[in-house]
Amino acid sequence: MVALTPTAGAGGLAETQTGGPATSSRRRRRPGIGRGLVLLICGIYFIGPLVGAFWFSIQDKVHGGVQFSAYAHVFSAVGFSDAFMLSLKLGIGTVLISLLLMVPTMLLLHLRAPKFRPVVETLCLMPLVIPPVVLVAGVGVVLAWGPNQLAGTPLQTFLNAIQSGKTPWVLILEYVVLTLPFTYRSLDAGIRSVDIHTLTEAGLNLGAGWGTVTMRILLPSLRTSVLNAAFLSFALVFGEYTVASILQYQPFAVFIVAAGQTEGQLSTSLSLLSLLITWLLLLLISLLGGRNSTKVDI
Amino acid sequence: MSSIALESLDTGTGTTVEFADVHRVFGSTHALDGLDLKVRPGELLALLGPSGCGKTTALRLLAGFDQPDAGSVLVDGEDVSRLPANKRDMGMVFQSYSLFPTMSAVDNVAFGLRLRGRGAGDRRKRAAELLDLVGLSEHLKKFPHQMSGGQQQRVALARALAISPRVLLLDEPLSALDAKVRAQLRDEIRRIQLELGVTTVFVTHDQEEALSMADRVGVMRNGRLEQCAAPAELYQRPETPFVAEFVGTMNRLPGSMVPGGVRLFTQVVAVDGVVPPAGSDVRALLRPEAVLVEPAGGQPGDAIVTTATFFGAVTRLRMTQPDGQEILADVGSHRAADFPAGAQVRISVLDRPVLVRPESEATAGTVPGRA
Ligand SMILES: Nc1ncnc2c1ncn2[C@@H]1O[C@H](COP(=O)(O)OP(=O)(O)OP(=O)(O)O)[C@@H](O)[C@H]1O
Ligand SMILES: [Mg+2]
């Protein structure tokens, strides 16, 4: 969950700033102390714990003074690379599946079936009100119950398949559900900020098929919101603990907690590292999203 | 530029469009209720009508974004009702800004050519030519968000023309622009249309736009065509009360039929068209410019001026007759000082055949407008 902190700024980042000019000009007229104070308070609130954590992680408890051994040990810690790779896999898998699922759904929803929007919205926002624990408990029940009741059916094969093998599909599918609200919100905001109806019709009018319209016109226009959705999902998956630990997997977040029980400094340095990774990701996304392609591709 | 004209001449001219008894129903709304309309090859036809009369619906059926519930849309005599939009080769300019936001002006224009498999060099050359045609040769590499509304609509026009469309469709392309840019672009669209000779359907609810640009104007009301005629004819000989009042401004003066014409004030004026029997009560349709006024010179006159509205070259007088009947007249603004509010005036009418309607004929909902 630590990893989610910076996303408050990233979600809808580009979209929600459209109403900006009025607010920012007002802010500009009231410079100095007020603004500085707010910044300072926020700064202390956000940075304080980080500095504290960093300080804790570099203290040398045996000899006193400062040492960086926790950081030096991070990469060689037992299970680190497995956990990291697992989280990476989960993140990428979740992002890919939820985008593949949601981008076409959202486009169809807005273009073809707007009357179903409230239904889909409610469904997609469910995971926000249902605690992950409840969700995973439900999944657990189904997984336990399924193989007996469904013996011999294709569904049983499916249930077995998603639990066995190297890739924890069951976790990925669960994460796809957990990230639905974020994916939905980002894509919805993006779609609303562009007139996709007219763009679609303009494309068709010029002779493009639906595929071309989607790939060459709509997706590029929605790039920022697709990237936002990807980032939010990835960050959420990277910091997710509850579901993974209940289903007995050990991705990064679970590994950090486990490591913390034996070695506090290592766990703290791992947390900071995970934060750093998330920030780098944020930076990458805003670079990708903010850049306006000036390349003339004709 | 000549190469564009030649290329388009091969495909653009000669295309006819016909709506044959087209119906389109949305729930309880009859957006099109038996539309019959023929567009001649190479002409610019304006579809004019009040909001909600079905203009956009008609255009969307022609573009293929929607299908008729009954009737057919024919292009060059061939029923295209079931042909998908992307197979119709129609260039459309939309009311809202519709440029692809992630493509530069030149890429937007070249998009349709690219889909048609034209080589890169060829595409770029033609896109540049078309942007030159709409006066944007300096802005090839700009993105939509870097251009003004007028510039964006020019690019949209170039984009629609790039594919040498069989028919050019314009749905109120100027309505989001300010008056000056609008007038300028209006002239430019007409110039380009004439140069390319492409059959064009132009939707608008602005009669000034329709009358000044079109070869013919089709006036629509409640999903049907009321009248389709050249601007001057539409203005001078409206066939229905609705057209009379919607296009320009029309006085409907009560008068009675006498041998030789209709009696209006002290005059007897010849009647244009069907002459009702003598003795019947009628309404004479008179444009404000056909009503002549003189100061009554201290005498009680035919009417009293209530307001005078300055329109530039002319000033429109609104007057009330003693029986309460209102009448509008245009006078040259240089004479406006003779007719202050409250002035008594004598009224006569231009001695030219007038249109009359039976008194019983329902009046159309008055639509304010000025020609
Ligand atoms: N997709 C739709 N669903 C339901 N009703 C529609 C739809 N499209 C149009 N209508 C209705 O059909 C009628 C005609 O609409 P249309 O858009 O053709 O009018 P218009 O002449 O273009 O008007 P305007 O000048 O305001 O653009 C209107 O009453 C409108 O509400
Ligand atoms: Mg319309």
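Being a predicted model, the structure only gives us computed values, none of them experimental.

Chemist: Explain the environment of Arg221(B) to me, please; I cannot follow it from the model alone.
Modeler: Residue and element names in this part refer to chain B. Along the chain, Arg 221 turns up in strand 9 (residues 216-221). For Arg 221, a relative accessible area of 30% corresponds to the partly exposed category. Sequence separation of Arg 221 and Leu 32 is 189 residues, and the distance between their C-alpha atoms is 9.4 Å.

Chemist: Sorry if this is basic, but what is going on with the nonpolar core here?
Modeler: Generally speaking, nonpolar side chains in soluble globular proteins are found buried as a group. Core analysis: the biggest nonpolar cluster contains 75 residues, and Phe80(A), Leu270(A), Phe19(B), Leu62(B) and Leu169(B) have the highest contact counts within it. In terms of residue count, helix 6 (residues 80-111) of chain A provides more of this core than any other element does, eleven residues in total. Setting aside anything within four residues of it in sequence, one finds Phe80(A) in contact with Val74(A), Phe75(A), Phe252(A), Phe255(A), Leu270(A) and Leu273(A). Within the second largest apolar cluster, 48 residues are counted, among which are Leu133(B), Ala156(B), Leu157(B) and Leu174(B).

Chemist: How should the interface of chain A and chain B be read in this particular structure?
Modeler: Quoted interface sizes are often the accessible area lost when the parts come together. With 24 residues of chain A at the interface, the matching set in chain B holds 32 residues. With both sides pooled, the region where chain A packs onto chain B buries about 2,400 Å², and carbon together with sulfur makes up 61% of that total. Linking chain A to chain B there are one salt bridge. Our count for the chain A to chain B interface comes out at seven residue pairs in polar contact (both at pLDDT 80 or more). Put simply, the parts of the chain that give the side of chain A that touches chain B at least two residues each are helix 11 (196-205) and helix 12 (210-221) of chain A. It is helix 11 of chain A that provides the largest number of residues to the side of chain A that touches chain B, a total of seven residues. By residue class, the composition of the side of chain A that touches chain B is nine nonpolar, ten polar and five charged.

Chemist: What is the right way to read the domain arrangement of chain B from this model?
Modeler: Residue and element names in this part refer to chain B. Domain boundaries assigned for chain B yield domain 1 (3-241) and domain 2 (249-361). One C-alpha centre belongs to domain 1, the other to domain 2; they are set 39 Å apart. Between domain 1 and domain 2, the contact holds eight residues from the first and eight residues from the second. At the boundary of domain 1 with domain 2, total buried surface from both sides reaches about 650 Å², with 43% on carbon and sulfur atoms. Taken together, the links from domain 1 to domain 2 amount to one salt bridge. Between Arg 237 and Asp 272 there is a salt bridge, and its shortest N-O distance comes to 2.6 Å. Counting across the interface, domain 1 meets domain 2 through five residue pairs in polar contact (both at pLDDT 80 or more). Sort the elements by how many residues they give to the side of domain 1 that touches domain 2 and helix 8 (residues 231-236) lands first, with three residues. Of the residues contributing to the side of domain 1 that touches domain 2, the split by class is four nonpolar, two polar and two charged.

Chemist: What exactly am I supposed to notice about a nonpolar patch on the surface here?
Modeler: Together, Phe116(A), Val119(A), Leu123(A), Met126(A), Leu128(A) and Val129(A) line one region of the surface with nonpolar side chains, adding up to about 610 Å² of accessible area. The residue Met126(A) is located in helix 7 (residues 117-129) in this model.

Chemist: Where do I start with the pairing of strand 19 (residues 344-349) of chain B in this structure?
Modeler: The two faces of the sheet receive side chains in turn, since in a regular strand these alternate between them. All names here are of chain B. Where burial is concerned, the two faces of strand 19 differ: the one with Val 345, Ile 347 and Val 349 is buried and the one with Gln 344, Arg 346 and Ser 348 is not. With five bridges joining them, strand 15 (residues 291-295) and strand 19 adopt antiparallel strand pairing. Bridge assignment links Pro 295 to a residue of strand 19, and that residue is Val 345. Taken together, the two bridges between strand 16 (residues 303-310) and strand 19 define a ladder with antiparallel strand orientation. Bridging across to strand 19, Ala 303 finds its partner in Val 345.

Chemist: For this particular structure, what's the right way to read the site of ligand 1?
Modeler: Residue and element names in this part refer to chain B. For ligand 1, the full set of nearby residues is Phe 26, Thr 29, Ala 31, Ser 51, Gly 52, Cys 53, Gly 54, Lys 55, Thr 56, Thr 57, Glu 172 and His 205. One of the backbone N or O atoms of Gly 52 is found 2.7 Å from an oxygen atom in ligand 1. When ligand 1 is considered free in solution it has 630 Å² of accessible area, and contact with the protein chains removes 60% of it. Counting residues per element, the ones that place at least two in the shell around ligand 1 are strand 2 (29-39) and helix 2 (55-63).

Chemist: Explain the sheet that holds strand 15 of chain B to me, please; I cannot follow it from the model alone.
Modeler: Think of a sheet as strands paired side by side through backbone hydrogen bonds, with each pair either parallel or antiparallel. Residues and elements named next belong to chain B. Strand order in the open sheet formed by five strands is 15-19-16-17-18, and the pairing between neighbours is antiparallel. Because the sheet does not close on itself, it has two edges, and the strands there are strand 15 and strand 18 (326-332). Across the sheet, the mean angle from the axis of one strand to that of its neighbour is 45°, orientation sign disregarded.

Chemist: I keep staring at the packing of aromatic side chains and nothing clicks. Help me out?
Modeler: In this description, a pair of aromatic rings is defined by centroid distance and the angle of the planes. This model, assessed by the stated rule, comprises eleven aromatic pairs over all chains. Taken together, a centroid distance of 6.4 Å and an interplanar angle of 65° make the contact between Phe80(A) and Phe255(A) edge-to-face. Placement of the pair is Phe80(A) in helix 6 and Phe255(A) in helix 15 (residues 252-262), with a sequence separation of 175 residues. Taken together, the ring pairs in this structure connect Phe80(A), Phe84(A), Phe234(A), Phe238(A), Phe252(A) and Phe255(A) into an aromatic cluster. If you follow Lys115(A) out to its NZ or CZ, it ends over the ring of Phe116(A), 5.8 Å from the centre. A cation sits over an aromatic face here: Arg287(B) above Tyr235(B), 3.8 Å from the ring centre.

Chemist: In this structure, what is going on with the side chain of Glu240(A)? I would like to understand it.
Modeler: Residue and element names in this part refer to chain A. Considering the arrangement of structural elements, one finds Glu 240 in the loop between helix 13 (223-239) and helix 14 (242-246). For the buried Glu 240, which has no salt bridge, the nearest side chain bearing the opposite charge is Lys 89, at an N-O separation of 16 Å. Separated by 3.2 Å, the side chain of Glu 240 and the backbone nitrogen of Thr 242 make a polar contact. When near neighbours in sequence (up to four residues on either side) are disregarded, Glu 240 contacts Tyr 175, Leu 178 and Ala 253.

Chemist: Mind showing me how you'd approach the sheet that holds strand 11 (residues 251-258) of chain B here?
Modeler: All names here are of chain B. The strand order 13-12-11-14-20 describes an open sheet built from five strands, whose pairing is antiparallel. In this open sheet, the two edge strands, each paired with only one partner strand, are strand 13 (267-269) and strand 20 (355-358). On average, each strand axis in the sheet is tilted by 45° relative to the strand beside it, whichever way the strands run. Where strand 12 (residues 261-264) lies against strand 13, three bridges are found, and the strand directions are antiparallel. Within strand 13, the residue paired with Leu 264 across the bridge is Gln 267.

Chemist: Even after reading the chapter, I still don't get unusual backbone geometry, so can you show me in this structure?
Modeler: The phi torsion of most residues other than glycine is negative, and most of the peptide bonds are trans. Residue and element names in this part refer to chain B. The phi torsion at Asp 76 lies on the positive side, around 50°, for a residue other than glycine. Locating Asp 76 in the fold gives a position in the loop between strand 4 (70-75) and strand 5 (78-79). In the Ramachandran plot, Ser 164 falls in the positive-phi region, its phi being about 45° despite a non-glycine side chain. Here Ser 164 is to be found in the loop between helix 5 (149-162) and strand 7 (167-171).

What counts, and where the lines are drawn
Residues numbered from 1 in each chain as written. Chains lettered and ligands numbered in written order. Predicted model: local features only at pLDDT ≥ 70, side-chain atom pairs only at ≥ 80, totals over all residues. Heavy atoms only, no water. Helix = DSSP H or I, 4+ residues; strand = E, 2+ residues; numbered from the N terminus. Buried < 20%, exposed > 50% of the residue type's maximum accessible area, 1.4 Å probe, protein only. Core = buried A, V, L, I, M, F, W, Y, C linked by side-chain atoms within 4.5 Å. Contact = heavy atoms within 4.5 Å. Buried area = accessible area lost by both parts, 1.4 Å probe. Salt bridge = Lys/Arg side-chain N within 4 Å of Asp/Glu carboxyl O. Polar contact = N/O pair within 3.5 Å; in protein donor to acceptor, adjacent residues only side chain to side chain. Nonpolar A, V, L, I, M, F, W, Y, C, P; charged D, E, K, R; others polar. Domains from an automatic or database assignment. Patch = residues over 30% accessible without salt bridge, like charges linked within 9 Å, V, L, I, M, F, W, Y side chains within 5 Å. Areas by Shrake-Rupley, 256 points an atom, 1.4 Å probe, with all protein chains shown as cover. Pairing = 2+ DSSP bridges. Near = heavy atom within 4 Å. Axes fitted to C-alpha atoms, helices over the stretch in contact; angles between N-to-C directions. Phe/Tyr/Trp six-rings, centres within 6.5 Å; stacked < 30°, edge-to-face > 60°. Lys NZ or Arg CZ within 6 Å of the ring centre and 35° of its normal. Lys, Arg positive; Asp, Glu negative; His and termini not counted.

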